[in-house]
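So you can see what is in the structure, the chains are spelled out below.
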Amino acid sequence: MHALRHELLPPSGVEFAIALRLTPSTVSKPASNHDPSSFLNVVTGRSNILRIYEVRHQSLLTPNHVDSERERHAQIRKGTEPVEGEVEMDHGGEGWVNLGSVKADGWQDTATVPRFYLVKEHAVYGTITGMEKVRTISSNEDQLDRLLVSFKDAKIALLEWSESVHDLMTVSIHTYERAPQLVALDSALFQPTLRADPLSRCAALSLPKDSIAILPFYQTQAELDLVEQDLNVARDLPYSPSFILDFVADVDPDLRNVVDFVFLPGYNNPTVAVLCQAEKTWVGRLKEYRDTARLYIFTLDLLNHTYPVITTVEGLPYDCTSLQPCATPLGGVVIATNNALIHVDQAARRVALPVNGWAARVSDMPMLPLEKDLDLTLEGSRLVFVDEKNLFAIRKDGMIHSVEIASDGRTVSKLTISPALAQTTIPSIACQLGNGLLFVGSAVGPSVLLKTHRVDEELPWGTVESATPAAVVDTHTTMDIDDEDDLYGESKAVARAAQNGAVSGGPTPRTRSVIHVSLCDSLPAYGAISDLTFSLSKVGERHIPELVAATGSGHLGGFTLFQRDLPVRVKRKLHILGGARGIWSFPVRQSHRVNGTSYEKVANPFVSERDTVIISTDANPSPGVSRVATRAAKTELAIPTRVPGTTVGAGPFFQRTAILHAMTNAIRVLEPDGTERQIIKDMDGNMPRAKIKACSICDPFVFILREDETIGLFIGEPERGKVRRKDMSPMGEKAFRYLAGCFFTDSNGILELATTDTAPDYDRNATTTLQAAVSAGSHSQWLALVRPQGIMEIWSLPKLSLVFSCNAISGLEPILTDSYEGPALSLPQDPPRKPQDLDIDQILLTCLGETAPAPHLFVFNRFGSLVVYEMLPTPALPDMSSPPNGRTSFLKVKFSKVATRHFELSRQEETEKTVLAEQKRISRIFVPFVTSPNPSQTLFGVFFTGDRPSWIIGTDKGGVNIFPSGHGVVHAFTACSLWDSKSEFLVYSDEGPSLLEWLPDITLDARLPKRTVPRSRAYSNVVFEPNSLLIVAASSLQARFTSYDEDNNIIWEPDGVGISLPCCDCSTLELISPDGWVTMDGYEFAPNEYVNALECVTLETLSTETGTKEFLAVGTSIDRGEDLAVKGATYIFEVVEVVPDPSSSYQRWHRLKLRVRDDAKGPVTALCGIDGYLVSSMGQKVFIRAFDLDERLVGVAFLDVGVYVTSLRSLKNLLLVGDAVKSVWLVAFQEDPYKLVILGKDMRRACTINADFFFTNNELAMTTHDEEGVLRLLSYDPTDPDSKDGQHLMCRAEFHVHKESRCSLVVARRTKEEPEIPQSRLINGFTDGSLSVLIPVDETILKRLYLLQGQLSRNIQHVAGLNPRAYRIVRNDTVSKPLSRGILDGQLLQAFEGLGTSRQNEMTRQIGTERTTVLHDWISLGVPW
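Rules behind the numbers
- Residues numbered from 1 in each chain as written.
- Predicted model: local features only at pLDDT ≥ 70, side-chain atom pairs only at ≥ 80, totals over all residues.
- Heavy atoms only, no water.
- Helix = DSSP H or I, 4+ residues; strand = E, 2+ residues; numbered from the N terminus.
- Buried < 20%, exposed > 50% of the residue type's maximum accessible area, 1.4 Å probe, protein only.
- Polar contact = N/O pair within 3.5 Å; in protein donor to acceptor, adjacent residues only side chain to side chain.
- Contact = heavy atoms within 4.5 Å.
- Pairing = 2+ DSSP bridges.
- Axes fitted to C-alpha atoms, helices over the stretch in contact; angles between N-to-C directions.
- Arc of directions from axis to C-beta.
- Patch = residues over 30% accessible without salt bridge, like charges linked within 9 Å, V, L, I, M, F, W, Y side chains within 5 Å.
- Areas by Shrake-Rupley, 256 points an atom, 1.4 Å probe, with all protein chains shown as cover.
- Salt bridge = Lys/Arg side-chain N within 4 Å of Asp/Glu carboxyl O.

Our focus in this paragraph is the side chain of Ser 1177. Mapped onto the secondary structure, Ser 1177 falls in strand S82 (residues 1173-1178). Among the residues examined, Ser 1177 registers a relative accessible area of 1% and is labelled buried. Engagement of the side chain of Ser 1177 in a polar contact is seen with the side chain of Thr 1165, the distance being 2.8 Å. At 3.1 Å, the side chain of Ser 1177 forms a polar contact with the backbone nitrogen of Ala 1166. Setting aside chain neighbours within four positions, we find Ser 1177 in contact with Pro 1163, Val 1164, Thr 1165, Ala 1166, Val 1182, Val 1205 and Leu 1208.

The structure is reproduced here in structure tokens:
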């Protein structure tokens, strides 16, 4: 049996982050004032995902896009609007807050705020363990930083940004896998740490056995020349040979057991501070060994390889965890321990600040006195400097504390810590970005961007400085996670001048320097997935499956709901409208006539008006019918005009005072009420032309494309209110053929034109004729065309000069650039040319995005390939003195591929031209739209109609994603605001015409649409109860733990200041309604009892006619301290319906009813049901129990299995038992007599986290995930001689995932053949937030894709130069070669989809197959569930 493993969702959250100037946009001036300037890049890493963000200045109010703000401003009474320097902070009624007096610093205007924008995302073939920025010799030329990334298998990759491919390029990769320190090492026990010198002189990677690998970098040409004299090194390398530094042998014999190391700033040579433990100890040995930590500070002489020690500090507390280097003016390092903060300077002076009473008990080091009522723990906290003498300590629960370092010069006298200022995200990393920005990354929730700046505030008269609060929280901001906080610094005396200019004689007031902190932006994330279940979500009248994941940790915990399709709900059916061939909705205004001239009132061009007209068309009855509809009553439609014939396109014209109506044989201009103003028959003299099959309308231009592939161009004359034909002679002959075309209006001035014309040009970015100037204003307009030979051209309007030509679009190449060719020839062929698979069928150039929409090119070809390109500025231009091919204008743009999707299309005979065929024809077109799902968000997107309808959405932090719409077929689509809502859509689908809207709170920044349900607590288990359609979840909480002896006497109580009881895990059971996520009922376990397993099982009962019923089974552990053995219990709950509270809006209400509590001598770790019986585990035993008389559990069979059961799964009468040491066992259960029979065991030692049955047709396999992240496919095959008559389960395939999976779901996968027994599909959730699927694969498809996988592994560039094959191989000493053939790598195969056609053909040719065959295979395996 074979399978494909594919990742549905990438890891979520941030584990590593670094700020640098990576892309050219951070150092060059923006091309236009309309573009928000990016001043910084932030690169984040989590597991195997690398994300690159730009940090840009964004207006707090985006007047170009947020319609709701405009409308609200329009309703404000005159005189109450904000003046310059003021900004509306919230909608809670506090009014206007003046920010004009608070100047952050010179680089930022008060009306802007820094925001994140995703640039690139890469899945790499390695687990990221660190990131740093460095500058090389090349940085002196382009002023850009380079990115250094370390990986778990002791590799370092040096990456830089390449503008030619608009992506990261690998400069070099340095591997230390074969270093002596890694030879005899279990990789799971060590994670390398990466550090870089602040001046980029070298970088260091920690290795096992107290060593670091040093990679030196050249900074100047002089250094390179000096080294070249001695060594024969390549001149173009930015680094010199790396070497390994052994601390014990080369620095100090006592420098062992390294805890942390950092580079210190302000030294002439690279200087390293290393925190270590010369003697290991723990709490139980503190009487013999305490204060065992040491700090060494030594310099690196990279040329002579000498390492003199500057400072050695001994006697530090044993629980030191991390180092934080101080700025150069202060010097030294801050050491974080679990119970104190310690500053150590270069002279070995130590100043320690205890944060609880334990610090004095675990250490003899002198410390400052403990502040009253201070009882904190710094375990899991992160430190980050705000400025030279102030740092934030962000604890593991997200509480922010300000720590101030008091010093005289470089001599530190004391440290002070403030009470908690606010609660932010749970930190995994905190780093300074510069310009007063702090980034707090979280692996279990959202990551936040904070802004800090200092303000001098006056102390009240007579106030003692120490009596002032250390922090106050302002309440007039809209911070999502934090409130604006003021961190008070040192006070200073100032003299206040009297009004007459003399200094007043009263007492001198004092001011303190205050640090204001505010939330700027956040990166959404949901963290680790603890458990998964499918529920039924009710949308309108139908239920759709929804994947419910228990995600997050602590106060960031809750549920994340994933759906396969973008969920929409039907607001109303509109059968009267029709529209099977097209629907268009747009605003039209009545014009005003003065002295015979038609004009309109000057309006804000950014104000988007409400739609007033809907035009729909149907092909039946022949020759079709077109309707013009307007709004009548509240929800009703009036159709005043019906016209025979089919509409091809419609849109507003003449500044929205008329309607341009294109039909199959004519162009019509209509009045706003639908009456005809002008009609132009599409005739060639007296001969009718071919039917018009497509059009593009962009006031004042109209483009039509006929069925014989000829085109027509029309232009409007506003002064006459009429349309006329436009001369197309610059484009070539009238008979030239074209496949597709569209207009694009550059409303933001993004497109920049370079020209060799010496004639004066009024505005290179604007259209210059009178007609265009009246309608388009300063917005430049362009026409994009595709010719049959696969050439895309962009023409400027209205002069029709060629500004861009590209011949790579039919090959769907990753980068499209100007080929500088002249206008192509596309004469008609005789006999007529037959359509080809690679012919471009549709093209659209429009804006896509959220707060800063950017132009994107959408391409769809006849084979079914949908590709999205982003338009990017490029400085590359030809020699203007001798322009190629007579071209005089060049558009300074290129296109970079950002999304690809291939569809299986239902083909129709091309020769069939009957009326019936015309009615059955499926129209596949791109429809742009703008929607506001909520008042604070506006999205520019595209909908793709046809038999694979899809939403194409671009977001700031998620990039471009393609989501299925969930419909079988969509014939027509348009955004519609006729009923005063900017979030509605008119769709004609297989269910007819209807008005739709998205479900509220949908997030579209991932590959699957998701909703987040914050619950302020984490959940360890979640199940769906099918009878009541409710969710049952076990929450994971913390409670104070008190230790008792056997006689229930308290052993120990807190006995000092700053001493408190420890915390332990505890759980509650919650019954939750998915409708509103209201908790209906719950069950609270003991404070020292927590849930291990929660399952919905079918048990025998007397209370139903069928004799069986679903119950909830819960297995728990009861902690009793170190001296008493842990116990457990099994609970059986029933969900019962009760009479709802009359005051409640719920018509049905349910409660949990406890049926049985069965105590156990050990923890109950796993549960499942089998044939109406309950299977439970206790330690190494498995029990089968019957539910007797609905009141007790009676044991009928048991089996001693491994050491500690972690997983139980059943299939019919088969039982799969996963063990923490002895891998997996396959057991059969028989009822007469009751007996458990061992069928087979996996003989290897592995810690199985979960195991599942996996089947297809008549084959059965078992899958296991272990704690190291290895996925194995096992089979029970008694016919195999190696299985010893089936006693040994045979391992057929191994696949390294490199992360732990705690939960899995088996769902049915039904293929087109619809077999009686469906195939299974396994969905796994991982601790890094990723979601994967395992799909059965046929033998023939496996062979084909396995060969392709080898080609992709060898022949394409992989990010950071990593090896995909080595990444997936599992070390197995019992076989001669790796068992990697049975499981395909979906991450690698997905790269094939994004390649250009020529590369795809080249790779498939080498493995003896065709590109189309491989794509069909991939499409058939691509559905999430």
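That covers the picture; the talk isn't over yet.
As summarised here, the arrangement of the four strands in space is S65-S66-S67-S68, forming an open sheet in which the pairing is antiparallel. The open sheet is flanked by strand S65 (926-934) and strand S68 (959-964), the only strands paired with a single partner. When the angles between neighbouring strand axes are averaged without regard to direction, this sheet yields 30 degrees. Examined bridge by bridge, S65 and strand S66 (residues 937-944) share seven bridges and lie antiparallel to one another. Counterpart to Phe 926 in the pairing with S66 is Phe 944.

Before going further, it helps to spend a moment on helix H11 (residues 1397-1406). Considered for burial, the residues of H11 that qualify are Thr 1397, Gln 1400, Met 1403 and Thr 1404. The buried side chains of H11 occupy one side of the element, clustering within an arc of 130 degrees when seen end-on. Structurally, H11 contributes buried residues whose contacts are with strand S64 (893-902), helix H8 (1339-1355), helix H10 (1386-1393) and helix H12 (1411-1420). Gly 1408 sits one or two residues past H11 and shows a positive phi near 75 degrees.

Attention now moves to the environment of Pro 835. Tracing the chain through its elements places Pro 835 in the loop between strand S59 (815-816) and strand S60 (840-848). Judged by its relative accessible area of 42%, Pro 835 falls in the partly exposed class. Separated by 47 residues in the primary sequence, Pro 835 and Pro 788 place their C-alpha atoms 9.0 Å from one another.

A cluster of nonpolar side chains, Trp 358, Ile 1051 and Trp 1052, forms an exposed patch at the surface whose accessible area comes to about 270 Å². With respect to the element layout, Trp 1052 can be found in the loop between strand S74 (1030-1040) and strand S75 (1063-1073).

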